[in-house]
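Summary of structural features
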Amino acid sequence: MSKEFRELVKKIGSGSHTGEDLTREEAAAATRMMLEQVATPAQIGAFMIAHRIKRPTGEELAGMLDAYNELGPKLQPSSRHEYPVTILGIPYDGRSRTAPISPLTALILTAAGVPVILHGGDRLPTKYGVPLVEIWQGLGVDWTHNSLEQTQSVFETTGLGFVYLPRHFPQAQSIFTYRDEIGKRPPFATMELIWCPCAGEARLISGYVHPPTEKMFQDAIAMRGTPRYLTSIKGLEGSCDLPRDRTAIIGIVKPDAEFERLLLAHGDYGFSNINPPLEPTETLVKQIQSVLEGEASELMQSALWNGGFYLWHCGVTPDMNSGIAEAKTLLNSGHAAKKLQEIRAAVASHQAVMSY
C-alpha cells in the first residue's frame, strides 16, 4: 500500500467541509501512482469515486495531463504536413444514440492536407458504446496491430494516426477495469478529452457535455501552455461532432487572443435539424461508404456540416460557406475515398510485414 497515495485520497475524500483540491503536482503524482500500479486496487477505486464526487479542477486536470505527457505515447509531426496537427478529443466510451461523424471529418481533413490524430481503445466503460476503432475496422483500417513506430509511419505517409491505448499506452488501459467497477465516469474521462498525444504543436479540439467542463479545459490548457489552440465543442454525446438539432456552441482559445464564442445555426447554412441515428456498425459503415461515394443522405448532410466547419477552422478555407463547398468537392470527387484507400493500404502494408 502506498502511504503517499493514501494521504491524497484522504485530502480529496474528506467531505464537503474539510476536503481539499489537489495541487497540480499532487494530481500528477496521484495519476502516476495509478498508471504505474503503485497504488492498490482499493486505493485506485477510492480515489476515482472520491474525485468524481468532489469534482475536478482545471489545476488537477493539468496535473493529470502532466503524468500522461510523461508516461504516454506521442506521434511526431512531419515536415510533409502543410497544416498544424489537429487532435480530435472524443469520449472513449463511444456512441449509443447518434451516428459518429468524426471518421468522415478525419478523411475530409486529411484529404485536404490537414494531419489528424485520433486516440481511444475498444468498447470501454461506462457507456460501452461503439468506439472509433470498430468503425475504422469496418472501413478496412485495423489500427489495433500496429506498433507506435508503424503508426508513426502511417501518420507521416497519409496524415492520419490513431493512438490505440491497449497497444500504445497499456498503463492507461489498465485502469479501465476500475472505471467499470465503480460504475461512473471518473475525472480521467474528462482529462482524456484534452490529452494531446503529439510531440509538436497541435490544434486540440475537444467535445464536452456539461458547460462547466469547458472552463476546466481552458484552465488546464492555460496552466500547461500547450497546445497552441484549444477548441471546445458542445457536440453530439460529448464528441467533436457538430449537432444539427440545435445551435452548435463552440469556444476558441488562441495564443495571445481573447476567448472567442462561436454559435453556428444549421438552418443558416441550409441544413435540416436531423442528427442521423446510430445504426448497427455494419449498417453505419455502409452509410459512411455511401457518403464517400457521393450519395445524398442525412449522413452526407452531417458530413458537409462538420467538414465545412473544420476545413474553415483549420485554415483550409476562408469561411464556413467555402468550407462546406470544399467538403462537398472532396466527397463528390472521390478525393476523400481515395484517402481512405491510401490509409487502408498503408496500415495493411505494416501488417503484411508482421505476418511475413
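Relevant structure appears above.
What comes next is a walk through the structure. Just so you know, the residues in each chain are numbered from 1, in the order the chain's sequence is written. Predicted model: local features are reported for residues with pLDDT of at least 70 only, side-chain atom pairs are reported and counted for 80 or more only, and whole-chain, interface and lining totals are derived from all residues. The basis for the side-chain values is all heavy atoms of the structure; hydrogens and waters are excluded.

**With respect to the overall build of the chain**
Secondary structure elements follow DSSP: runs of H or I no shorter than four residues count as helices, runs of E no shorter than two count as strands, and numbering proceeds from the N terminus. Secondary structure assignment for the chain yields 17 helices and seven strands. In this description the radius of gyration comes from C-alpha coordinates, and the expected globular size is given by 2.2 Å times residues to the power 0.38. Against the globule reference of 21 Å for 356 residues, the chain gives a C-alpha radius of gyration of 20 Å, in line with a compact fold. Each principal axis of the C-alpha distribution contributes one length, and for the chain these read about 60 × 55 × 40 Å. The classification of residues rests on relative accessible area computed with a 1.4 Å probe and restricted to protein chains. Under 20% of the type maximum is buried, over 50% is exposed, and intermediate values are partly exposed. Split into buried and exposed, the 356 residues of the chain put 56% on the buried side.

**Digging into the nonpolar core**
To qualify as a nonpolar core, a set must consist of buried Ala, Val, Leu, Ile, Met, Phe, Trp, Tyr and Cys residues joined through side-chain atoms within 4.5 Å. Grouped together as the largest cluster of nonpolar side chains are 62 residues, with contacts concentrated most on Trp136, Trp143, Ile250, Leu264, Leu292, Phe309 and Leu331. With eight residues, the top contributor of residues to this core is helix H15 (residues 298-313). Any two residues whose heavy atoms approach within 4.5 Å at even a single point are treated as in contact. Every residue in contact with Leu331, bar those within four places of it in the chain, is listed here: Ile108, Val291, Leu292, Gly294, Met300, Ala303, Leu304 and Ala336.

**A few points about the sheet that holds strand S7 (residues 260-264)**
Within a sheet, each strand pairs with its neighbour through backbone hydrogen bonds, oriented either parallel or antiparallel. Only strands joined by at least two bridges in the DSSP assignment are considered to pair. Within the open sheet, the seven strands sit side by side as S3-S2-S1-S4-S5-S6-S7. Their pairing is mixed. At either margin of the open sheet sits one strand with a lone partner, and together these are strand S3 (160-164) and S7. Neighbour to neighbour, the strand axes of the sheet diverge by 20° on average, direction disregarded. Bridge count for strand S4 (residues 202-207) against strand S5 (residues 229-233) is five bridges, and the pairing is parallel. Paired with Ser206 across the strands is Ser232, a residue of S5. Contacts between helix H6 (residues 102-111) and the sheet are confined to strand S1 (85-89), strand S2 (116-120) and S3, with S2 contributing the most and set at about 155° to the helix. This element, helix H13 (residues 211-224), spans S4, S5, strand S6 (248-253) and S7 of the sheet and lies at about 170° to S5. Axes here mean lines fitted to C-alpha atoms, for a helix over just the part in contact, with angles spanning 0 to 180 degrees between N-to-C directions.

**Side note on the packing of aromatic side chains**
Any Phe, Tyr or Trp ring, taking Trp's six-membered ring, that has another such ring centre within 6.5 Å forms a pair; planes under 30 degrees apart are called stacked, those over 60 apart edge-to-face, and the others tilted. Taken as a whole and judged by the stated rule, the model has twelve aromatic pairs. Both rings, one in Tyr68 and one in Phe188, keep their centres 6.3 Å apart while their planes meet at 35°; by these two values the pair is tilted. Taken together, the positions of Tyr68 in helix H5 (residues 58-71) and Phe188 in helix H12 (residues 187-191) put the pair 120 residues apart, joining distant regions of the chain. The exposure classification of Tyr68 matches that of Phe188, with both residues buried. Relative to Trp305, the ring of Tyr269 lies with its centre 5.8 Å away and its plane at 50°, an arrangement referred to as tilted. Note that Tyr269 is positioned in the loop between S7 and helix H14 (281-292) and Trp305 in helix H15, a separation of 36 residues in sequence.

**Description of the pairing of S5**
When you tally the buried positions in S5, you get five out of five residues, the bulk of the element. Judged by which residues are buried, S5 turns out to be covered on both faces: Tyr229, Thr231 and Ile233 on one side and Leu230 and Ser232 on the other are all buried. As paired elements, S5 and S6 share four bridges and run antiparallel to each other. For Leu230, the partnering residue across the bridge sits in S6 and is Val253.

**A closer look at the environment of His51**
Inspection of the secondary structure assignment puts His51 in helix H4 (residues 41-54). Residues His51 and Ile252 lie 201 residues apart in sequence; the distance between their C-alpha atoms is 28 Å. Apart from the residues within four sequence positions on either side, His51 is in contact with Ile12, Pro56, Glu60, Met64 and Pro187.

**Side note on H6**
In terms of residue burial, H6 counts as a mostly covered element, since nine of its ten residues are buried. Turning to H6, its buried residues are Ser102, Pro103, Leu104, Thr105, Ala106, Leu107, Ile108, Leu109 and Thr110.

**Description of the packing of H14 against H15**
For the pair H14 and H15, the least separation of the axes is 9 Å and the interaxial angle reads 65°. Crossing geometry of H14 relative to H15 is assigned as right-handed. In this structure, H14 uses Gln287, Ile288 and Val291 to contact H15, whose residues at the interface are Leu299, Met300 and Ala303. Grouping the amino acids of the contact of H14 with H15 by side-chain chemistry returns five nonpolar, one polar and no charged. In this scheme, a crossing is called left-handed if the near helix is turned counterclockwise away from the far one by less than a right angle; it is called right-handed if the turn is clockwise. Under the scheme applied, nonpolar residues are Ala, Val, Leu, Ile, Met, Phe, Trp, Tyr, Cys and Pro; charged residues are Asp, Glu, Lys and Arg; polar residues are all the others, including Gly.

**Topic: the environment of Leu311**
Relative to the elements of secondary structure, Leu311 occurs in helix H15. For Leu311, a relative accessible area of 0% gives the class buried. It is 40 Å that separates the C-alpha atoms of Leu311 and Glu181, two residues lying 130 residues apart in sequence. In contact with Leu311, not counting residues within four places along its chain, are Ile108, Leu109, Ala112, Val316, Thr317, Gly323, Glu326, Ala327 and Leu330.

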